[in-house]
Amino acid sequence: MLNNLPQVTKNILILNIVFFVATFILKSQGIDLISSFGAHYVNSPLFKPYQIITYFFMHSNTDFLHIVFNMLLLVMFGAHLERIWGPKRFFLFYFACGIGAFALYNAIGVWEIMELKSQLT
């Protein structure tokens, strides 16, 4: 199956699976990769700049279907887009979507905090 996947899609799939498996293995040793590499709000003391990229590959370790459906959609749509656009353009699209999702995650967090503050006053 992996032989038919375009290179960028295949590499993203492998990275996601490696991070997912490493999360389980290291969790048993007391190392929490989700806390270290997952997305945190920019103003959080847990935020580190590398998380803007590393969170692309982190998935919930409590819900196996999360990674299954994410990877299924990556293989179905990502491979198709990569074949149409080429590897460079698809990689830039994937990267831009990840950065945009991080920005949206932070914007919604700020909005929720502002809403909460307005309700308390």
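Scroll up to find the structure.
Residues numbered from 1 in each chain as written. Predicted model: local features only at pLDDT ≥ 70, side-chain atom pairs only at ≥ 80, totals over all residues. Heavy atoms only, no water.

A separate point is the environment of Pro49. Of note, Pro49 is situated in the loop between helix H2 (33–37) and helix H3 (51–54). Each C-alpha atom of the pair Pro49 and Leu92 lies 19 Å from the other, and the pair is 43 residues apart in sequence. (Helix = DSSP H or I, 4+ residues; strand = E, 2+ residues; numbered from the N terminus.)

What follows concerns the packing of aromatic side chains. Inspection of every chain in the model, using the stated rule, returns 15 aromatic pairs. Between Tyr55 and Phe56, the ring centres sit 5.3 Å apart and the planes meet at 75°, which makes this aromatic pair edge-to-face. Given a relative accessible area of 9%, Phe56 falls into the buried group. Of the aromatic side chains, those joined through ring pairs into one cluster are Phe19, Phe37, Phe47, Tyr50, Tyr55, Phe56, Phe57, Phe90, Phe91, Tyr94, Phe95 and Phe102. (Phe/Tyr/Trp six-rings, centres within 6.5 Å; stacked < 30°, edge-to-face > 60°. Buried < 20%, exposed > 50% of the residue type's maximum accessible area, 1.4 Å probe, protein only.)

What follows covers helix H4 (residues 64–85). Its 22 residues place the ends of H4 30 Å apart at the C-alpha level, agreeing with the 32 Å of an ideal helix rising 1.5 Å per residue. When the local axis directions of H4 are compared, the greatest deviation, roughly 25°, occurs at Gly78. For H4, the complete set of buried residues consists of Ile67, Met71, Leu74, Val75, Gly78, Ala79 and Glu82. Residues of H4 that are buried in the fold lie against helix H1 (7–27) and helix H5 (87–120). Once H4 finishes, Gly86 follows within two positions and takes phi at roughly 95°, a positive value. (Expected span 1.5 Å × (residues − 1). Bend = angle between axes of the 7 residues up to and from the residue. Contact = heavy atoms within 4.5 Å.)

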